[in-house]
Structures are given as structure tokens and as C-alpha cells.
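Tertiary structure, described
One-letter residues, chain by chain:
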Amino acid sequence: MPIDAAKALAAEPRSAEIAWDHKDVQLYHLGLGAGSPATDPAELRYTLESRLHVLPSFATVAGAGMGVVGGLSAPGIDIDLAAVLHGGQSVTLHRPLPAGGRAVSTSRVAAVYDKGKAAILVLRSEAADDEGPLWTSDAQIFVRGEGGWGGDRGPSERLELPGRAPDRTVERAVREDQALLYRLSGDWNPLHADPDFAKLAGFDRPILHGLCTYGMTLKAVVDTVLDGDVTRVRAYRTRFAGVVFPGETLRIRMWAGDGRVQVTVTAVERDDAPVLADTLVTHS
């Protein structure tokens, strides 16, 4: 079997030093669509180095850490990358992220679940600097055709939405060139830039990075519900339910209360096709 769950879970964590500065943070924010209007004080918090606040989702790209790539090359895992889908993502913040710094990122396979016709890998990355832990990030990777060995099916986490209309609904346009800019933060998968490669993967044109949608959604929640204060975010998780194409519009619905914001994201032009589901921001 290409996935040896016991071997993968028993493997020693792999560590690497990572570093970033304000330019990396600014580039990430611009890749999420920050900076429009360019002179808006609310946007300058994301784009001007003298006022820079760091969105917690920056942890998914900081220092171009090992993350998913490191996990998929772990002992006990030998899979076809064409069968891999990014199923979900979570980030837990241990303190606000600095605009620049150095840290040690440690990656390991935290869980392997058997879904019958597929496997789920939970790839965990933890970062810490000289002052202590910074963040813990989990990527849930769906591997088609790799289940069926009789292992633990794992949790089935679904969030029931409140039985009322959303408290806030906003729309965010995805620029035609947004995937080209976002990929400069470290995800060079040609699926997001090369039309020929996208067709081989079954899409008629390149798609937006799921983690770009992830970051855009957190920015919308921070700006709309949390008064622009990124330091209030404690954790953020989502399930990727569908793709986004550059040029589309995201409809972001939010239900707030008791230190939680539940969110759904859909693609407006495709009759509100699901994009992000089971999405939760916890905050102070």
C-alpha cells in the first residue's frame, strides 16, 4: 500500500529554519487583493511597512515552510500527486505574528484516516522563535484511491449554520491576475498559471489557490467583524468545498457571536457554487 500509516505517524518530525520580512508580508497581502483603494487607511494596514499588521493566515506561506510538500515526502507516503487535493486548512495562533522574524518550523504527519475510497493525511507544521510558539497549522490532504485498509475513519466535522440570515454579507472580486501574484508567495503549482496544465487537470482554465481564497476570507472577516484588528484572531479553519476562477466574485456570509464567526463562501457567477464550508474564526 502506498501509504503506510504506522510508518508515517512514527517518523521523526522534520525541522527547518524559516525567515520573512515586511516585503513577504506585503506581497502576501497584495496577493489577497489588499490595497484597494490604495490610500484607504484600512488598506494601508496591510500594504505600508510603517503601519503593517499581519493577517494570521500568513502563517501558511511564511518562509515558504515545508508544510504540505514536506509532509507528502515523509516516510511511509508514496503517492501520485495527481490524486492529491487540499481538503481543509486550519491555523491556531499562539500570539500575534510579527512583520518580520526568524523561526524554526517543524513538520510531521499528525494523523492518517481511512475514508474507504480515499485517505486523509493531516500534515501539521508548528513554528516557534526565541520567544516561544508562534502558530500551529494543519493541512488536511485528500488522497483519492488510497483508502480501504481498515484504518480509523477519523472525525467528520460539519458546522451547522445558525437558523437565521447572515449578520453580514460582503462580496470580494478576484482579479484576473490574482493567482499570478499570489503564487509569488511560494506556491508555484502550474495549475494556477498554465492553461495547458490546467486542462490536463480537468479545468478549462487555471484556478485560484485555495489558500488565496482562505486568506481573502479571513481578511473580509477581520475588516468587517473584528474592526480591522488582526490580533483578535485566535484560530481559523475551513473545508475547501469548490474551486474559484480568477475574475469571479466571492460572496462571503458571516454569522457572529460568542467569540466565533461562522462563514460560508460561494462563487457569485456560478449560482453561488460552494467554495469554502465549515469555516470558523474564533477570536477574542
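Let me sum up the structure you'll find in this document.

Thresholds applied
- Residues numbered from 1 in each chain as written.
- Predicted model: local features only at pLDDT ≥ 70, side-chain atom pairs only at ≥ 80, totals over all residues.
- Heavy atoms only, no water.
- Helix = DSSP H or I, 4+ residues; strand = E, 2+ residues; numbered from the N terminus.
- Rg over C-alpha atoms; globule rule 2.2 N^0.38 Å.
- Buried < 20%, exposed > 50% of the residue type's maximum accessible area, 1.4 Å probe, protein only.
- Areas by Shrake-Rupley, 256 points an atom, 1.4 Å probe, with all protein chains shown as cover.
- Lys, Arg positive; Asp, Glu negative; His and termini not counted.
- Charge placed at Lys NZ, Arg CZ, Asp CG, Glu CD.
- Phe/Tyr/Trp six-rings, centres within 6.5 Å; stacked < 30°, edge-to-face > 60°.
- Lys NZ or Arg CZ within 6 Å of the ring centre and 35° of its normal.
- Core = buried A, V, L, I, M, F, W, Y, C linked by side-chain atoms within 4.5 Å.
- Contact = heavy atoms within 4.5 Å.
- Expected span 1.5 Å × (residues − 1).
- Pairing = 2+ DSSP bridges.
- Axes fitted to C-alpha atoms, helices over the stretch in contact; angles between N-to-C directions.
- 1 Å grid on protein atoms, 1.4 Å probe; cavity = no way out; pocket = protein on both sides within 12 Å on 5 of 7 lines; lining within 4 Å.
- Points joined across faces, edges and corners; volume = space filled by probe spheres on them.

**Things to note about the overall build of the chain**
- Scanning the chain from N- to C-terminus turns up seven helices and 10 strands.
- Taken against the 2.2 N^0.38 rule, which gives 19 Å for 284 residues, the C-alpha radius of gyration of the chain at 18 Å falls within 12% of a compact globule.
- Taken over 284 residues, the chain has a buried fraction of 45%.
- Approximately 13200 Å² of the chain is accessible, and the part contributed by carbon and sulfur atoms is 52%.
- Distance between charge centres in the chain, computed from 30 positive and 37 negative side chains, equals 3 Å.

**So, the packing of aromatic side chains**
- Tallied over the full model, the rule gives five aromatic pairs.
- Grouping aromatic residues by their ring pairs yields a cluster made of Trp20, Tyr28, Phe58, Trp135 and Tyr182.
- Above the ring of Phe245, the side-chain terminus of Arg205 is found at 4.1 Å from the ring centroid.

**Observations concerning the nonpolar core**
- Counting residues in each nonpolar core, the largest one holds 50 residues, and the members touching the most others are Trp20, Phe58, Leu97, Trp135, Val222 and Ile252.
- Once you skip the residues sitting within four places of it in the chain, Phe58 turns out to touch Trp20, Asp24, Val25, Tyr28 and Leu97.
- Ranked by size, the runner-up nonpolar core spans 16 residues in total, among them Ala8, Ile77, Val109 and Val143.

**Things to note about helix α7 (residues 210-225)**
- Here α7 spans 22 Å end to end across 16 residues, near enough to the 22 Å set by a 1.5 Å rise per residue.
- Taking burial as the measure, the 16 residues of α7 include 13 buried ones, the bulk of the element.
- Asp227 lies just past α7 and shows a positive phi near 55°.

**Some details on the sheet that holds strand β5 (residues 132-144)**
- Strand order in the open sheet formed by 10 strands is β1-β3-β4-β5-β2-β7-β10-β9-β8-β6, and the pairing between neighbours is antiparallel. Whereas interior strands pair on both sides, the edge strands pair on one side only; in this sheet they are β1 (14-20) and β6 (168-173). Here the strands of the sheet are splayed against their neighbours by 20° on average, with no regard to which way each runs.
- Where strand β2 (residues 84-93) and β5 come together, nine bridges link them in antiparallel fashion. Bridged to His86 within β5 is Ile141.

**Some points on the pairing of β5**
- Direction of pairing for strand β4 (residues 118-129) relative to β5: antiparallel, over a ladder of 12 bridges. Looking across to β5, one finds that Glu126 is bridged to Thr136.
- The antiparallel hairpin formed by β4 and β5 contains two residues in its connecting segment.

**Things to note about the side chain of Ser185**
- On the secondary structure map, Ser185 appears in the loop between α5 (178-182) and α6 (195-200).
- For Ser185, the contacting residues outside a window of four places in its chain are Leu27, Tyr28 and Val61.

**Section: helix α2 (residues 22-31)**
- By the burial criterion, the buried members of α2 are Val25, Gln26, Tyr28, His29 and Gly31.
- Against the buried residues of α2 lie β1, α3 (41-47), α5 and α7.
- One or two positions beyond α2, positive phi appears at Gly33, with a value near 100°.

**A look at the layout of surface pockets**
- The computed volume of the second largest pocket comes to approximately 210 Å³.
- Lining the second largest pocket are 13 residues, and of these Leu32, Gly33, Arg172, Ala173 and Met216 sit closest to its centre.
- Listing elements by their share of the lining of the second largest pocket, those giving two or more residues are β6 and α7.
- When residues in the lining of the second largest pocket are grouped by element, the largest group, four residues, is from α7.

**A short note on unusual backbone geometry**
- The peptide bond linking Ser36 to Pro37 adopts the cis configuration, its omega dihedral lying at 0°.
- If you trace the backbone, Pro37 turns up in the loop between α2 and α3.
- Phi at Asp258 takes a positive value of approximately 55°, unusual for a residue other than glycine.
- Within the fold, Asp258 resides in the loop between β8 (249-257) and β9 (260-267).
- The residue Asp278 is not glycine, and still its phi comes out positive at about 50°.
- Examined against the element boundaries, Asp278 turns out to sit in strand β10 (residues 273-283).
- A relative accessible area of 11% means that Asp278 is categorised as buried.

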